[in-house]
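Geometric and topological summary
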Amino acid sequence: IVYGEVSESTIRSYAQRLERFDSLLRAYYPISSENEIPKLEIFLAEGQRGMERAYPGIGGSVAGFYSSNDGRIYAVVNTQAISGDVVLFHEYGHHFMFQMRSNAYPSWFVEGFAEYYATADVRPDRIQFGRHHPGRMNSLSQGANSWARMEDVLTWRFTPSGRYPAFQYYAQAWGMTHYFMSTPERTLMLGQYLSAVVGGQGSVEAMQATTGRTPSQLQ
């Protein structure tokens, strides 16, 4: 359900792109549920003033967010942000994943999954995904010494007061997800790793067991 103090054509365009994006995700990850899944409310905020109305005190660099607190599930997207559909698809990616066993997934994959599909180019006649992410690549190209330790990325839980630069964490989460999703063999490894973590194994140990690589080698 899309709301916004914008034209009907703008709301219709957002809704159509999201429906196509949802179809893409369901084609690869069919979700079966005995209960009816509530529709996601999406609010289109025009600029920083609209973002402030939705979340007083929110920083100017935040182009959107997803919330499932207080019994209400919704997303807010700044329509004037230069990131465009990337933010919209990232937040919807979270909503889609949270219909699965996301609470058991490591935090880096929760963010990496959303980042991986956020760059999808959705058009009426075709959809491309797994595309280049200029912002994340810019973070990764600052030099290996600027990267966070892979052990930390594998075990961190995302919190607003976290001990890492958020942009670096997102970049490495995206890069690692892209790496695993790029070939059938590595995608199989990712599935084995996630199954091990869901089963209670430590993230670092599970990654080394399934890939045969230490965290430093993986980095």
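Residues numbered from 1 in each chain as written. Predicted model: local features only at pLDDT ≥ 70, side-chain atom pairs only at ≥ 80, totals over all residues. Heavy atoms only, no water.

1. So, helix 7 (residues 166–181)
If you check helix 7, its first and last C-alpha atoms are 22 Å apart, about what 16 residues at 1.5 Å a residue would give, namely 22 Å. All of the buried residues in helix 7 are Gln168, Tyr169, Tyr170, Ala171, Gln172, Ala173, Trp174, Met176, Thr177, Phe180 and Met181. (Helix = DSSP H or I, 4+ residues; strand = E, 2+ residues; numbered from the N terminus. Expected span 1.5 Å × (residues − 1). Buried < 20%, exposed > 50% of the residue type's maximum accessible area, 1.4 Å probe, protein only.)

2. With respect to the sheet that holds strand 4 (residues 74–78)
Strand order in this open sheet of four strands is 1-2-4-3, and the pairing throughout is mixed. Of all the strands in the sheet, just strand 1 (2–4) and strand 3 (64–67) have a single pairing partner and so form its edges. Taken pair by pair, the neighbouring strands of this sheet meet at an average axis angle of 15°, ignoring direction. One ladder, built from three bridges, connects strand 1 with strand 2 (residues 41–45); its direction is parallel. Along strand 2, the bridge assignment pairs Tyr3 with Phe43. Lying over the sheet, helix 3 (residues 85–97) contacts strand 2, strand 3 and strand 4, oriented at roughly 15° with respect to strand 3. (Pairing = 2+ DSSP bridges. Axes fitted to C-alpha atoms, helices over the stretch in contact; angles between N-to-C directions. Contact = heavy atoms within 4.5 Å.)

3. Structural notes on the nonpolar core
Counting 50 residues, the largest nonpolar core has Phe21, Trp108, Met176 and Tyr193 as the members making the most contacts within it. Among the elements that line this core, the one with the most residues is helix 4 (residues 107–118), at seven residues. Once residues within four sequence positions are removed from consideration, Phe21 is found in contact with Phe89, Tyr92, Gly93, Tyr117, Ala120 and Val122. The next biggest cluster of nonpolar side chains, apart from the first, holds six residues, and it includes Ile58, Phe65, Tyr74 and Val76. (Core = buried A, V, L, I, M, F, W, Y, C linked by side-chain atoms within 4.5 Å.)

4. Re the packing of aromatic side chains
The full count for this structure, using the stated rule, is 20 aromatic pairs. Taking the centre distance of 5.9 Å and the plane angle of 35° together, the rings of Trp108 and Tyr193 count as tilted. Placement of Trp108 in helix 4 and of Tyr193 in helix 8 (residues 184–198) is noted, with a sequence separation of 85 residues between them. Take Trp108: its relative accessible area is 0%, and that puts it in the buried class. A relative accessible area of 0% means that Tyr193 is categorised as buried. Pairwise contacts between aromatic rings join Tyr28, Tyr29, Tyr105, Trp108, Phe109, Phe113, Tyr116, Tyr117, Phe129 and Tyr193 into one cluster. Directly above the ring of Tyr14 sits Arg17, whose terminal nitrogen or CZ lies 4.7 Å from the centroid. Over the ring of Tyr74 we find Arg72; its NZ or CZ atom is 5.9 Å from the centre of that ring. (Phe/Tyr/Trp six-rings, centres within 6.5 Å; stacked < 30°, edge-to-face > 60°. Lys NZ or Arg CZ within 6 Å of the ring centre and 35° of its normal.)

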